[in-house]
Amino acid sequence: MNTSGLAAVHLAAAATTTALQDPPAPPQAQVQTAPATTLADLAAAYPDLCTQLRAEGATVERTRILAIEAASLPGHEALVAEMKADPAVSADMAAGRLLAAEKQIRAGQLQAIKDVEGATAKVAAAPASTATAKVEDAPKETAHQLAARARAYQDEQAKLGVKLSVAQAVAHVENNR
């Protein structure tokens, strides 16, 4: 074998291996900055990110408040205001609290109705015979008798100088039986 051929193979292999290649450049040293520990540091280091976070937070809070208001019921305005002010209260929690408050009010109303029914059950009803007896005991007057009494009343009033219509005379006579 020819040594020059072997040397050529060796040189070709060496050109493709990493051992004979130039070493890679060392990574550029990253600038070590102090971590952001305050909101001002974070806003200065990442202003776009802070703007996005604020917008997303405002949207989430607006959605929470609108959901609480949508679940509100008349008469619970103070509870709704309290829940809107507390950021820990979610819309689901608010709906549950409103439902519990409404159930408590309804239970109180039901108890009040039961108390009234219990008290009124002890009251005796008026006897029906006395109420109908007065109407039935009144003498039945015919239309001719009523007309005659009305004419007599009308004549009496005419002597006093008061002119009455037939309708006025009939109404007076009916009311003063």
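For the structure itself, look to the data block above.
Read on for an overview of the structure. (Residues numbered from 1 in each chain as written. Predicted model: local features only at pLDDT ≥ 70, side-chain atom pairs only at ≥ 80, totals over all residues. Heavy atoms only, no water.)

Another point: the overall build of the protein chain. When helices and strands are tallied, the protein chain shows 8 helices and 0 strands. Along the protein chain, helices and strands appear, N-terminal first, in the series α-α-α-α-α-α-α-α. Summing over all exposed atoms, the protein chain offers an accessible surface of approximately 14,500 Å²; the carbon and sulfur share of this is 62%. (Helix = DSSP H or I, 4+ residues; strand = E, 2+ residues; numbered from the N terminus. Areas by Shrake-Rupley, 256 points an atom, 1.4 Å probe, with all protein chains shown as cover.)

What follows concerns helix 5 (residues 91–120). Between its first and last C-alpha atoms helix 5 spans 43 Å; for 30 residues at 1.5 Å apiece the expected length is 44 Å, and the two agree. Inspection of helix 5 places Ala94, Leu98, Ala101 and Glu102 among the buried residues, and these make up the whole buried set. Residues of helix 5 that are buried sit in contact with helix 3 (47–71) and helix 4 (77–85). (Expected span 1.5 Å × (residues − 1). Buried < 20%, exposed > 50% of the residue type's maximum accessible area, 1.4 Å probe, protein only. Contact = heavy atoms within 4.5 Å.)

Right, let's talk about a nonpolar patch on the surface for a bit. Residues Tyr46, Leu49 and Leu53 make up a contiguous nonpolar surface patch of about 310 Å² in total accessible area. Note on placement: leucine 53 falls in helix 3. (Patch = residues over 30% accessible without salt bridge, like charges linked within 9 Å, V, L, I, M, F, W, Y side chains within 5 Å. Salt bridge = Lys/Arg side-chain N within 4 Å of Asp/Glu carboxyl O.)

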